[in-house]
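Close look at the chain arrangement
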Amino acid sequence: MDWKPIAKTKEHQLVEPNLLDYEETCRTFSWASLEAELRGTCQSQGLNIADIAIDRHATGSRANKTALRFVDRDWNIKNFTYRALKEQTNRFASVLSTLDVGKGDRVFVLAGRIPSLYIAAFGSLKNGSVFCPMFSAFGPEPIFQRLDRGDAKVLVTTELLYRQKVAQSRDRLPNLQHILLADVDDHASEGIWSLPRLMATASPEFAIAPTDPEDMALLHFTSGTTGMPKGAIHVHKAVYQHYMTAKYVLDLHPDDIFWCTADPGWVTGTSYGIIAPLTHGVTSIVDEAEFDADRWYRILETQKVTVWYTAPTAIRRLMRMNINPKSEYDLSHLRLVLSVGEPLNPEAVVWGEEKLGLPIHDNWWQTETGGIMIANYATMDIRPGSMGRPVPGIEAAIVRRKEDGSVEVIDQPGVDGDLALKPGWHSMFRGYLHDEVRYKKCFVGDWYITGDLATRDADGYFWFVGREDDIIKTSGHMVGPFEVESALMEHPAVAEAGVIGKPNPMIGELVKAFVALKPGYQPSDVLKLELIGFARQKLGAAIAPKELEFKDSLPKTRSGKIMRRLLKARELGLPEGDLSTLEQD
Ligand code: ATP
Ligand code: MG
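Residues numbered from 1 in each chain as written. Chains lettered and ligands numbered in written order. Predicted model: local features only at pLDDT ≥ 70, side-chain atom pairs only at ≥ 80, totals over all residues. Heavy atoms only, no water.

The subject of this paragraph is the site of ligand 1. Contacts to ligand 1 come from 22 residues, most closely from Thr222, Thr225, Thr226, Thr367 and Arg467. Aspartate 452 has a polar side-chain atom sitting 2.7 Å from an oxygen atom of ligand 1. Here an oxygen atom of ligand 1 sits 2.8 Å away from a polar atom, N or O, in the side chain of lysine 561. Contributions of two or more residues to the shell around ligand 1 are made by strand 14 (360-364) and strand 23 (462-467). With three residues, strand 14 is the single largest residue contributor to the shell around ligand 1. Looking at the shell around ligand 1, its residues break down into six nonpolar, nine polar and seven charged. (Near = heavy atom within 4 Å. Polar contact = N/O pair within 3.5 Å; in protein donor to acceptor, adjacent residues only side chain to side chain. Helix = DSSP H or I, 4+ residues; strand = E, 2+ residues; numbered from the N terminus. Nonpolar A, V, L, I, M, F, W, Y, C, P; charged D, E, K, R; others polar.)

Taken from the UniProt record, the annotation "domain: AMP-binding enzyme C-terminal" (unreviewed entry) applies to residues 483-561. Between the first and last C-alpha atoms of residues 483-561 the distance is 16 Å; the span itself is 28% helix and 32% strand. (UniProt positions renumbered as here; feature names shortened; annotations may be inferred.)

Further remarks concern the UniProt feature "domain: AMP-dependent synthetase/ligase" (unreviewed entry) in the protein. UniProt annotation of "domain: AMP-dependent synthetase/ligase" (unreviewed entry) refers to residues 57-433 when read in the numbering used here. The span residues 57-433 carries 30% helix and 24% strand; its end-to-end C-alpha distance comes to 33 Å.

All right, on to the pattern of salt bridges then. Applying the stated rule across the entire model yields 40 salt bridges. Residue lysine 512 pairs with glutamate 549 through a salt bridge whose shortest N-O separation is 2.7 Å. You can see lysine 512 sitting in strand 27 (residues 508-517) and its partner glutamate 549 sitting in strand 28 (residues 547-550), a full 37 residues away along the chain. A relative accessible area of 27% places glutamate 549 in the partly exposed class. In this structure, the salt-bridge partner of glutamate 576 is arginine 570, at a minimum N-O distance of 3.0 Å. Through salt bridges that share partners, Lys502, Lys512, Glu547, Glu549, Lys551 and Glu571 make up one connected network. (Salt bridge = Lys/Arg side-chain N within 4 Å of Asp/Glu carboxyl O. Buried < 20%, exposed > 50% of the residue type's maximum accessible area, 1.4 Å probe, protein only.)

Encoded structure:
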């Protein structure tokens, strides 16, 4: 598709970006000097994420600066300074050690984006325990599965969530010893404790357990877009990647007000909603409420957000609204907008430039990679539709798997292949929980194979083609759904599109599109033909959808990803598979 690059101008850059010259930064980048820089400021032995994110600031010049600012549903604000966060997380760690919860033990949290979640995350890490977040809207069965598979010893939650979603499975969870209720004043019984009460009497002093950089820190389940969610294991060393990418990709500066809209139930909400901003000592906003366009713009305005990290699904929802943010809200503090989680249609990048006054910076990574791997940078021109270039210190390539099981790098630009990363980066997952075989299969020859297909252009920009599982083989062509969806998105009536391949004896697979319309447009045969014709003009007859169906909305994971496998299963009348992460209205 023919989208013009968006050149970065001085207006886009209210401060001097941390990464000024991409090639030069990559050439001179050294993990050793970054490690030395951070370790030199640590208060504890070894390397602990909570030390890098909180304690080293709490004992320095940022002690009284706001670290986390919570905006609740009624717009009440609650601030935690670095000093206060240190004390609260110390208390939480003290609670754990009093309950005999130790190194490697799993502490799960099932809660909305309330302060206790964030305090539990860092308090667990200080204690050497493993933090395992769960999305609060999960139903009882997905919660049980995660607690069971993840060997939960402690669960931090609220009274209502416990009663509605966990109590009934308690008999099946013999290893779950302690429930810490964040919103009750009194202990209910032995093992079902009032967290505020325990915190009130716990010691505010806590010496962070000596932590090996390779100690397990986080257990994160994947989004379940392609099947059963996998438990990815991460270690404390991942914090180097969080820090580095927050510096070069999020471009954090000391006075930034940063807002990551992701829920910590997904890896983005932990890596960049909890950890990364605090490693830079900035103020991070947490919105306790759910998506609402006016509310979001008001948060950007009233909180004077400077760097905003969100997702394509949210951007597409904003695009659908009849709001002109640049003129209706004061967004003058905003200087960088980023997106991750799904392919970002070029249409959305350009919408940002027009309506927010800033283009949207796409970046790519996965639960397994633990941190951003490929990105568009504040200084670099954006090529709409491209994921950008690998972050310094990361080697990415397009590879082809050969018959003999080995892997070869595809050097020619513009050729599709597996997106692969050279293993060994700090935030690389160290295993899939209880599934060593699957973990091993991800590594072939010298490469970690991501499961996504992509291409690289002559200038080193990576372009997403599709997930391996979603690729459509039609009349001898390999078609990535993203390309077709992006073409449809350019039509003014289309709010969202999901594209699948439907088995067909003549052409292998037939391209079928599911389309949700913007408000003001009605499904009709005329519009259907118009959309198919529109896509044909953009893509050619071989790739354009042959069938198109209107839907009120498309099935998505709770992290906002279109579940093409479900569209396909329903279309073909096949079993729907794991639906634990399906968003249900
Ligand atoms: P599961 O592995 O359980 O099917 P998932 O892969 O969706 O779920 P995540 O780890 O949350 O779980 O998502 C990572 C995937 O999201 C990537 O492998 C890629 O397919 C997609 N993705 C993330 N960012 C981008 C992006 N910028 N462009 C295109 N795809 C992206
Ligand atoms: Mg995945």
